Amino acid sequence: MTLYRATVMDTPRDPLAEGPDALQADADAGLLVRDGVICARGPFAAVAAAHPEEEVVDLRAGVLLPGFVDTHVHYPQLRIIGGLGRPLLDWLTTCALPEEARLADAAYAATVAREFVDGVVRAGTTTALVFGSHFPGATDALFAAAEAVGLRMTAGLVVSDRFLPDALLTTPDAALAHSTALLEKWHGRGRLRYAITPRFSLSTSDAMLDACAEVLGAREDVWFTSHLNENPTEIEEVRRLFPGAGHYLDSYDQHGLVTSRSVMAHNVHPTAHELEVLASSGAAVAHCPTSNSSLGSGLFPLAAHLDAGVRVALGTDVGAGSGFCLLKEGLQAYFVQRLLGPHGVDLGPAALLHLATRAGALALGLADEVGDLAVGKQFDAVWVRPQPGTTLDVVLRHGADATDTLAKIFTLGTPSDIAVVWVAGRAVTGPSAPVPPPLPLEAA
Ligand SMILES: O=c1[nH]c(=O)c2nc[nH]c2[nH]1
Ligand SMILES: [Zn+2]
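Rules behind the numbers
Residues numbered from 1 in each chain as written. Chains lettered and ligands numbered in written order. Predicted model: local features only at pLDDT ≥ 70, side-chain atom pairs only at ≥ 80, totals over all residues. Heavy atoms only, no water. 1 Å grid on protein atoms, 1.4 Å probe; cavity = no way out; pocket = protein on both sides within 12 Å on 5 of 7 lines; lining within 4 Å. Points joined across faces, edges and corners; volume = space filled by probe spheres on them. Helix = DSSP H or I, 4+ residues; strand = E, 2+ residues; numbered from the N terminus. Domains from an automatic or database assignment. Buried < 20%, exposed > 50% of the residue type's maximum accessible area, 1.4 Å probe, protein only. Pairing = 2+ DSSP bridges. Right-handed = clockwise from strand over helix to strand, strands pointing away. Contact = heavy atoms within 4.5 Å. Axes fitted to C-alpha atoms, helices over the stretch in contact; angles between N-to-C directions. Core = buried A, V, L, I, M, F, W, Y, C linked by side-chain atoms within 4.5 Å. Buried area = accessible area lost by both parts, 1.4 Å probe. Polar contact = N/O pair within 3.5 Å; in protein donor to acceptor, adjacent residues only side chain to side chain. Donors = N, O, S within 2.8 Å, 3.2 Å for Na, K, Ca; no water. Arc of directions from axis to C-beta. Parallel < 35°, antiparallel > 145°, perpendicular 65-115°, else oblique. Left-handed = near helix turned anticlockwise from the far one by under 90°. Nonpolar A, V, L, I, M, F, W, Y, C, P; charged D, E, K, R; others polar. Expected span 1.5 Å × (residues − 1).

Q: Mind showing me how you'd approach the layout of surface pockets here?
A: The probe, sized like a water molecule, is rolled over the atoms to show the empty space still left. Volume-wise, the largest pocket comes out at about 240 Å³. Along the walls of the largest pocket sit 13 residues, with Asp 14, Leu 306, Val 310, Arg 311 and Val 312 positioned nearest its centre. Secondary-structure elements contributing two or more residues to the lining of the largest pocket are α1 (15-18), α12 (302-308), β13 (311-314), α14 (349-356) and α15 (358-363). Two domains share the lining of the largest pocket, each providing at least three of its residues, namely domain 1 (2-66 + 372-427) and domain 2 (68-339).

Structural data, given as structure tokens:
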């Protein structure tokens, strides 16, 4: 067993529903971890007194947070991060799809898979819902890389049978066969799960969506993810291609693909009826604010989602998004709501932490295991510990209180401020992730 001594912050309750007091912040906490599971939490002195024989890891020089949950990210797009200045369909054609075609090369795909998983965990993400590749071999390489590192990951083969370059297309029969094979190999293996992943309605025929429904229907515990209502031109094209669908969401819903195991990315331009269907089905929306800003997709109507009762979490949407770190997504989500003026939601630091952690766990049906640092949960955690002398290090010494400390972390934090990341109690940011000597903070 290991006893971690730290300033711990998490959001087992939802600050968006209950207000900022839902932030749980414990200044000198003890977290006892056995076999990767938190088995005691309380004031350090009390936990240490009850377990005097346990090894103590002193993390008081930083702040311990739950591992971040990224509910939407594309593995084959790692190397094209930074393609600025284009709207969605132009960006896909110019930046994303040519790179995605390169993953036909198995060696190239295996390298990108390792780079991807490494980048994700270094950014503090311990759980992710990942768009795989259009190629089965490359998607297999992604699962292998996640397993090797220990990332908690749900992912799937991306399938399409129109609109994209020929190299990225498949048939419904082949999609069914390859998805089923990958599902049988990886779903439920360790911390890995499978998600049926049609790219978006624009690139999938009704026959392809039927094939997706067949895989989804075969198993109770398989996930579904795709894109929704990201860009006005895209939405118009979907309307043209699916004349029988009432709206974009309906193009999936008509095939039984919108359920409580569905995570739909973006939804920047929803209709009221789509929000009703999302809420009543229990599907979640992955809000990807740096992607939406970069592609000029629009300002996410968070208030309308919350008012309708739709579950919302955060996604980085790399490569349209600008990096793997959920701290940056949180800050950008805050900016977007500010830009909406009176129509924006007041996203305080506690709400940002919830969106980056427990909201993602809820969206992925994993909230009994991860998302906060309560007793009984997996020890999936990040230790925010900036290098001495950096601006974040300096300002953290002058945090007025826990909320202020958290605001500073979201405002200034980057992957280089994340010193250690654990998944299920094991450090994943390096075989012997070094723990710098403690340097107490002025205020937590
Ligand atoms: O942001 C996005 N990234 C993508 O790769 C994609 N494909 C379809 N729609 C998409 N949106
Ligand atoms: Zn995406």
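So that's the structure; there's more coming.
Q: Explain the pairing of strand β12 (residues 284-287) to me, please; I cannot follow it from the model alone.
A: Every other side chain in a regular strand lies on the same face of the sheet, so the side chains alternate between the two faces. Residue alternation in β12 divides its side chains into two sets, Ala 284 and Ala 286 and Val 285 and His 287, and both sets are buried. Where strand β11 (residues 262-266) lies against β12, 3 bridges are found, and the strand directions are parallel. Each bridged residue has a counterpart across the sheet, and for Met 264 the counterpart in β12 is Val 285. Between the parallel pair β11 and β12, the chain is carried across by helix α10 (residues 272-281), and the sense of this crossover is right-handed. The pairing of β12 with β13 spans 4 bridges and is classified as parallel. Paired with Ala 286 across the bridge in β13 is Ala 313.

Q: Any chance you could explain the sheet that holds strand β1 (residues 2-10) here in plain terms?
A: Working definition: the strands of a sheet are paired by backbone hydrogen bonds and lie parallel or antiparallel to each other. On the basis of which strands lie adjacent, the open sheet formed by 7 strands has the order β3-β2-β1-β4-β14-β15-β16 and mixed pairing. With partners counted over all chains shown, the strands left at the sheet margins are β3 (37-43) and β16 (426-427), one partner each. With respect to the sheet, helix α17 (residues 402-412) is in contact with β1, β2 (24-34), β4 (55-66) and β14 (381-384), its orientation differing from that of β4 by roughly 75°.

Q: How should the nonpolar core be read in this particular structure?
A: A general feature of soluble globular proteins is that nonpolar side chains tend to end up buried together. Of all hydrophobic cores here, the largest spans 112 residues; its most connected members are Leu 65, Tyr 75, Phe 116, Val 130, Met 153, Tyr 252 and Leu 278. Broken down by element, the residue count for this core peaks at 8 residues, all from helix α4 (residues 106-122). Counting residues in hydrophobic clusters, the runner-up holds 17 residues, among them Val 8, Val 33, Ile 38 and Trp 422.

Q: How do you make sense of the domain arrangement of the protein when you look at a structure like this?
A: By a widespread convention, an interface's size corresponds to the accessible area lost as its parts come together. The domain architecture assigned to the protein consists of domain 1 (2-66 + 372-427) and domain 2 (68-339). In this structure, domain 1 and domain 2 have C-alpha centres spaced 30 Å apart. Counting residues at the interface gives 19 residues for domain 1 and 18 residues for domain 2. Counting the surface lost from both domain 1 and domain 2, the interface buries some 1,400 Å², and carbon and sulfur atoms represent 67% of this. Where domain 1 packs against domain 2, one counts 4 residue pairs in polar contact (both at pLDDT 80 or more).

Q: I tried to follow the coordination of the zinc ion (ligand 2) on my own but got confused; where do I start?
A: In a perfect tetrahedron of four donors around a metal, the angles come out at 109.5 degrees. In a perfect octahedron of six, they are 90 or 180 degrees. Within the protein, His 72 (NE2), His 74 (NE2), His 227 (NE2) and Asp 317 (OD) serve as the donor atoms for the zinc ion (ligand 2), at 2.0 to 2.3 Å. When the donor residues of the zinc ion (ligand 2) are listed from N- to C-terminus, their spacing reads H-x1-H-x152-H-x89-D. Each member of the pair, His 72 together with His 74, is buried.

Q: So what exactly am I meant to see when it comes to α10 here?
A: Turn by turn, an α-helix covers 3.6 residues, leaving residues three or four places apart pointing in a common direction. Inspection of α10 places Glu 274, Leu 275, Val 277 and Leu 278 among the buried residues, and these make up the whole buried set. In an axial view of α10, the angular spread of the buried residues amounts to 160°, which keeps them on one side of the axis. Facing away from the buried surface of α10 by more than 90 degrees, the exposed residues are Ala 272, Glu 276 and Ser 280. Those residues of α10 that are buried lie in contact with β10 (223-228), α9 (248-253), β11, β12 and α12.

Q: Please explain the packing of helix α6 (residues 172-186) against helix α7 (residues 206-218) as it appears in this structure.
A: Two numbers describe a pair of packed helices, the interaxial angle and the distance between the axes. Contact geometry of α6 with α7 gives a least axis separation of 9 Å together with a crossing angle of 25°. In this view, α6 runs roughly parallel relative to α7, as classed from their interaxial angle. α6 and α7 meet at a crossing whose hand is right-handed. Facing α6, whose interface residues are Pro 172, Ala 175, Leu 176, Ser 179, Thr 180 and Leu 183, α7 presents Ala 207, Met 208, Ala 211, Glu 214 and Val 215. Looking at side-chain class alone, the contact of α6 with α7 contains 8 nonpolar, 2 polar and 1 charged residues.

Q: Would you explain unusual backbone geometry in this entry?
A: Where the residue is not glycine, phi is negative for most of them; where a peptide bond is considered, it is trans in most cases. Cis geometry marks the peptide bond from Val 318 to Gly 319; its omega dihedral reads 5°. For Gly 319, the location among the structural elements is in the loop between β13 and α13 (326-339). At Asn 267, a position not held by glycine, the phi torsion is positive, near 50°. Tracing the backbone shows Asn 267 in the loop between β11 and α10.

Q: I keep staring at empty space enclosed by the protein and nothing clicks. Help me out?
A: Following the criterion strictly, the structure yields 2 cavities of 30 Å³ or more and no others. When its volume is computed, the largest cavity comes out at roughly 100 Å³. Every residue lining the largest cavity is listed: His 74, Gln 77, Leu 88, Trp 91, Leu 92, Arg 199, Phe 200, His 227, Glu 230, His 266, Asp 317 and Ala 320. Top contributing element to the lining of the largest cavity by residue count: helix α3 (residues 88-101), with 3 residues. In terms of residue class, the lining of the largest cavity is built from 5 nonpolar, 4 polar and 3 charged. Looking at the second largest cavity, its volume works out to about 30 Å³. Looking at the second largest cavity, the residues that line it are Val 159, Ala 175, Leu 176, Ser 179, Ile 196, Ala 211, Cys 212 and Val 215. Looking at the lining of the second largest cavity, its residues break down into 7 nonpolar, 1 polar and no charged.

Q: I keep staring at helix α5 (residues 136-149) and nothing clicks. Help me out?
A: For α5, which comprises 14 residues, the first-to-last C-alpha distance of 20 Å matches the rise-based estimate of 20 Å (1.5 Å per residue) to within 8%. Buried residues of α5: Ala 138, Thr 139, Ala 141, Leu 142, Phe 143, Ala 145 and Ala 146, and no others. On its buried side, α5 packs onto α4, β6 (125-131), β7 (152-156), α6 and β9 (192-198). Within two residues after α5, Gly 150 carries a phi angle of roughly 105°, on the positive side.

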